[in-house]
Amino acid sequence: MPPHLRRRRRPAGEEDEEAQQRQPQPNFEVGTLVEIASTDDGFRGSWYTATIVRRRPSRRSSSSAASYAVEFQELYEDEEGTRRVTEEVEESQIRPIPPEEPNPKRDFEVGDEVEARYNDGWWEGVVVDRLRGGRFGVLFKEWKERVVFKVGDLRVSCKWVDGSWLLPSAAAVEDPQEARSQMEMKGAKKMKTNEFTKGTPVEVSSDEDGYRGAWFAAVIVEEVSKGKYLVEFKNFRTEDGAEFLKEEADALHIRPCPPEIVVADNFDLFDEVDALYNDSWWVGVISKVLSKSRYTVYFRDTKEELEFQHSNLRIHQEWIGGRWMTASLVPKNMGLV
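How each quantity is defined
- Residues numbered from 1 in each chain as written.
- Predicted model: local features only at pLDDT ≥ 70, side-chain atom pairs only at ≥ 80, totals over all residues.
- Heavy atoms only, no water.
- Helix = DSSP H or I, 4+ residues; strand = E, 2+ residues; numbered from the N terminus.
- Phe/Tyr/Trp six-rings, centres within 6.5 Å; stacked < 30°, edge-to-face > 60°.
- Patch = residues over 30% accessible without salt bridge, like charges linked within 9 Å, V, L, I, M, F, W, Y side chains within 5 Å.
- Areas by Shrake-Rupley, 256 points an atom, 1.4 Å probe, with all protein chains shown as cover.
- Salt bridge = Lys/Arg side-chain N within 4 Å of Asp/Glu carboxyl O.
- Buried < 20%, exposed > 50% of the residue type's maximum accessible area, 1.4 Å probe, protein only.
- Contact = heavy atoms within 4.5 Å.
- Pairing = 2+ DSSP bridges.
- Polar contact = N/O pair within 3.5 Å; in protein donor to acceptor, adjacent residues only side chain to side chain.
- Core = buried A, V, L, I, M, F, W, Y, C linked by side-chain atoms within 4.5 Å.

Engineer: Before we move on, could you go through unusual backbone geometry and cite the residues and values that matter?
Structural biologist: Glycine aside, the phi torsion of most residues is negative, and most peptide linkages are trans. Within the chain, Asn278 stands out as a residue other than glycine whose phi angle is a positive 55°. Counting through the fold element by element, Asn278 comes out in the loop between strand 19 (272-277) and strand 20 (280-289). In the Ramachandran plot, Asp279 falls in the positive-phi region, its phi being about 65° despite a non-glycine side chain. Residue placement: Asp279 occurs in the loop between strand 19 and strand 20.

In structure tokens:
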């Protein structure tokens, strides 16, 4: 998730045309706990818990919607968390707290509209992956990024319309597989399987002893012959250090750079991951979950265990048939799960 989304800031009284056109809401009493929709660029589709502080009369006419001063419950002006953010919002940005589900849904299907708990708010998205360990990949429509959440950090997305809560309509859900494919193809520059153009960022693997299971960042220099390319490595130089190392590689050992999948909380035991080690990505499995976002990763090919920080790990994906697949989606007979 982009770093600028870590903390929400919006000048008091800023208005938004789209918000003004939404369905009018009933009046909210002072002290009522509500949720506030953000209208800031990059934050649309997110909701934050707040308390009504006071109601402000319309500044234009008696028929216009009122605005409210609200105090956010989990957004603070200072890093110490002593002064809560307060601001003025339009009535159309406010909804009641969604009701608790009588039978909380403990599982989600691909295509379900959900809201994910992240960065002190609830973000609207669509489930695009069912992963192991009760976790799900969620695609956020606003900025086309996929993030992994545990089931406890998800809830069914409901709409507050005419004073009632409505469940999402299946017909209104964007095709999650199509949306994910569009995102992946954008990252792969819409290349066909095993066809790469000059200047394309890629990752290259090796069959040499000691390097199996590793992927190295590189860029395509040129196509040498059918299915064979000259690549320039980004993190390795020639022996004299004068230039970056260039080698020939066949298409079977080249893939696009995988799309980023952000893990919102932590990795779980036995998750298949790529670990950043010696300037390359190595395929491994989480063998121990340590404290302070640290993990022990077991590498099958070398039968070694090494310790990594969360920031040096990513979910393992496979480039198969022109699309990216996470470990939970790869057929078991391919030996990846």
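The discussion continues.
Engineer: Tell me what's going on with the packing of aromatic side chains, and back it up with residues and numbers.
Structural biologist: What the rule picks out here adds up to 17 aromatic pairs. These aromatic residues form a ring-pair network of at least three members: Phe43, Tyr118, Trp123, Phe140 and Phe149.

Engineer: Can you tell me about a nonpolar patch on the surface, naming the residues and giving the values?
Structural biologist: There is a patch of nonpolar side chains on the surface, built from Leu269, Phe270 and Val289 and spanning about 290 Å² of accessible area. Mapped onto the secondary structure, Leu269 falls in the loop between strand 18 (261-263) and strand 19.

Engineer: Tell me about the environment of Ile52, residues and numbers included.
Structural biologist: Here Ile52 shows up in strand 2 (residues 46-56). Given a relative accessible area of 2%, Ile52 falls into the buried group. Measuring from C-alpha to C-alpha, the distance between Ile52 and Glu29 comes to 6.9 Å, with 23 residues separating the pair along the chain. Excluding residues that lie within four positions of it along the chain, Ile52 makes contacts with Phe28, Glu29, Val30, Gly31, Thr32, Val34, Tyr68, Ala69, Val70 and Ile94.

Engineer: Could you give an account of the pairing of strand 4 (residues 84-90), naming the residues involved and the relevant values?
Structural biologist: Taking burial as the measure, the seven residues of strand 4 include five buried ones, the bulk of the element. Across six bridges, the pairing between strand 3 (residues 67-76) and strand 4 is antiparallel. What sits directly across from Val70, in strand 4, is Glu87.

Engineer: Give a description of the side chain of Arg95 that names residues and reports values.
Structural biologist: Turning to its location among the elements, Arg95 is positioned in strand 5 (residues 94-96). Within the structure, the side chain of Arg95 is placed 2.8 Å from the side chain of Glu35, a separation counted as a polar contact. Here the side chain of Arg95 touches Glu115 through a polar contact of 3.2 Å, side chain to side chain.

Engineer: Could you give an account of the nonpolar core, naming the residues involved and the relevant values?
Structural biologist: Within the largest apolar cluster, 29 residues are counted, with the highest numbers of intra-cluster contacts made by Ile36, Val70, Phe72, Ile94, Phe149 and Leu154. At four residues, the largest contribution of residues to this core is made by strand 3. Apart from residues lying up to four places away in sequence, Ile36 is in contact with Ser46, Trp47, Tyr48, Ala50, Val70, Phe72, Val89, Gln93 and Ile94. Grouped together as the second largest cluster of nonpolar side chains are 28 residues, Val204, Val231, Phe233 and Ile286 included.

All we've got here are geometric facts, nothing functional implied.
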